[in-house]
Structure formats: C-alpha cells, structure tokens
Amino acid sequence: MTSAHIVQASLKDLPVLQDLGRQTFYETFAPHNTEEQIQQYLTESFAEEKLNRELNHPDSLFFIAWEGENAVGYLKVNSGKAQTELQDENSLEIERIYVKSSHHGKKVGQLLYKKALETAVELEKKYLWLGVWEKNHRAVSFYKKNGFEEFGKHIFRLANEEQTDLMMKKMLD
C-alpha cells in the first residue's frame, strides 16, 4: 500500500508529466515493441507543444499521484470534444492511467481510477470508457476487476504498426 495522494495537474506540471509519461510508457510498452517505434511515440506524444495543448484543453484533466516529492503515476481524462473517439456528452474517457513500475501493486492505479470515477460523478456522466491494448494483460485485468466490460475494438497506431485496443466501458449508477 502506498501513501500517495492525487493532485490535479496544471501547466507548471508540464515537465513532470513529460518525464512521467515517457518513463511509464517506456516501462509498459518497450518490451513488446521496437526501440524505434517507442522513441517515435515518446517524441511525438510527449512533446512540450502537444502536452501544452492538452493541459489547456477545457475538456481534459490531468491528475498526478505523488508520494512525497516523487511523481509516481498520472491520469488523463477527457470529456466532450476532447475524447479521442466516442465524443459522447454522457461519457468520460480515461485516456491514460500510468504508474511507474516501481509502484505496481501499491494501489496507485486504484487511487487514480478512483479519481476518474469521482470526476465522472462530479461531471454527471453516465459511463466511463477507455481503450486498452489487448496484449496489456495487467491493465485489462485491472479494468475488468473494476467493473469494465468490453464493447468493441479499435486500432492504435504505434509508429508504423497497427495494434488492437479493446474498447471497454463501465456504466455508472
């Protein structure tokens, strides 16, 4: 169990999100993809300009899990037009929940998920949805354990490779 606490991120946290995003994505996906694919994704997806736009988007929220002075994980949720696919006004997308591998099994992901759930309730959404790589068995199991069900698939491009994501959602009471 961790003593992490969750704080909403702001523009001043951009360098922290860049570092955390790059590290956690690399830890999660580098063993299953080429170094070239990973580096291209990290360069494009965590560029300062791109993260700046995302942090400034009124329908996107970032939250960082802190353990003391150390950022150990983060969450990005989207509503409205910020959603990557469905763009349903009744839904909140969990675009990213990533936790440093050093903190796997310490309930940081669960804390971030709880924050996503609280945000959905505050925004009066009817359901949460997300896309998760079909080969990320740890994440798929995490979401199923939290009540998500598969409702479709979509293609995620990692550099020049197409990968299949499972689309999952959880209805809220």
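In case you missed it, the structure is sitting above this.
Residues numbered from 1 in each chain as written. Predicted model: local features only at pLDDT ≥ 70, side-chain atom pairs only at ≥ 80, totals over all residues. Heavy atoms only, no water.

A.B. asks: So, the overall build of the chain: which residues are in play, and what are the values?
C.D. replies: From N to C terminus, the chain includes five helices and seven strands. Ordering the α and β elements of the chain from the N terminus gives β-α-α-α-β-β-β-α-β-α-β-β. The globule rule puts the C-alpha radius of gyration for 173 residues at 16 Å, and the 15 Å found for the chain is close to it. Overall, the chain is about 40 × 35 × 35 Å in size when its C-alpha atoms are taken along their principal axes. Per-residue burial over the chain gives 47% buried out of 173 residues. Across the chain, contacts joining residues at least 24 apart in sequence account for 61% of those joining residues at least 6 apart. (Helix = DSSP H or I, 4+ residues; strand = E, 2+ residues; numbered from the N terminus. Rg over C-alpha atoms; globule rule 2.2 N^0.38 Å. Buried < 20%, exposed > 50% of the residue type's maximum accessible area, 1.4 Å probe, protein only. Contact = heavy atoms within 4.5 Å.)

A.B. asks: Kindly report on unusual backbone geometry, identifying the contributing residues and their values.
C.D. replies: The phi dihedral of Q87 falls on the positive side, at around 50°, and the residue is not glycine. Following the sequence through the fold, Q87 ends up in the loop between β3 (70-78) and β4 (91-99). Phi at K107 takes a positive value of approximately 70°, unusual for a residue other than glycine. As for its placement among the helices and strands, K107 is situated in the loop between β4 and α4 (108-122).

A.B. asks: So, the nonpolar core: which residues are in play, and what are the values?
C.D. replies: Judged by nonpolar contacts, the single largest core of 26 residues is most densely connected at L75, I94, L128, V132, Y143 and F148. Secondary-structure elements contributing two or more residues to this core are β2 (60-67), β3, β4, α4, β5 (127-133), α5 (137-145) and β7 (161-171). Counting residues in hydrophobic clusters, the runner-up holds 21 residues, among them F29, F46, L55 and F62. (Core = buried A, V, L, I, M, F, W, Y, C linked by side-chain atoms within 4.5 Å.)

A.B. asks: Tell me about the pattern of salt bridges, residues and numbers included.
C.D. replies: Applying the stated criterion across every chain, the model contains nine salt bridges. Across the pair E95 and R96 runs a salt bridge whose closest N-O atoms are separated by 3.6 Å. Classification of R96 by relative accessible area gives buried; the value is 4%. The residue K115 makes a salt bridge to E118 at a minimum N-O spacing of 3.8 Å. Note that K115 and E118 are positioned in helix α4 at a spacing of three residues, about one turn of the helix. (Salt bridge = Lys/Arg side-chain N within 4 Å of Asp/Glu carboxyl O.)

A.B. asks: Go over the layout of surface pockets, please, and point to the residues and values.
C.D. replies: The calculated volume of the largest pocket comes to roughly 1300 Å³. Elements that contribute at least two residues to the lining of the largest pocket include exactly α1 (14-29), α2 (35-45), β4, α4, β5, α5, β6 (149-158) and β7. Class assignment for the residues of the lining of the largest pocket results in 18 nonpolar, 17 polar and 14 charged. (1 Å grid on protein atoms, 1.4 Å probe; cavity = no way out; pocket = protein on both sides within 12 Å on 5 of 7 lines; lining within 4 Å. Points joined across faces, edges and corners; volume = space filled by probe spheres on them. Nonpolar A, V, L, I, M, F, W, Y, C, P; charged D, E, K, R; others polar.)

A.B. asks: Go over α5, please, and point to the residues and values.
C.D. replies: All of the buried residues in α5 are A139, V140, F142 and Y143. For α5, the angular spread of buried residues about the axis comes to 160°, placing them on one side. Exposed residues lying more than 90 degrees from the buried face of α5 are H137, R138, K144 and K145. Against the buried residues of α5 lie β4, α4, β5 and β7. (Arc of directions from axis to C-beta.)

A.B. asks: Could you give me a rundown of the packing of α1 against helix α3 (residues 48-56), with the residues and numbers involved?
C.D. replies: Where α1 meets α3, the closest approach of the two axes is 10 Å, and the angle between their N-to-C directions is 115°. Between α1 and α3, the crossing angle belongs to the class labelled roughly perpendicular. In this structure, α1 meets α3 at a crossing whose hand is right-handed. Of α3, the residues touching α1 (which contributes L14, L17 and Q18) are E48, L51, N52 and L55. For the contact of α1 with α3, the class distribution of residues is four nonpolar, two polar and one charged. (Axes fitted to C-alpha atoms, helices over the stretch in contact; angles between N-to-C directions. Parallel < 35°, antiparallel > 145°, perpendicular 65-115°, else oblique. Left-handed = near helix turned anticlockwise from the far one by under 90°.)

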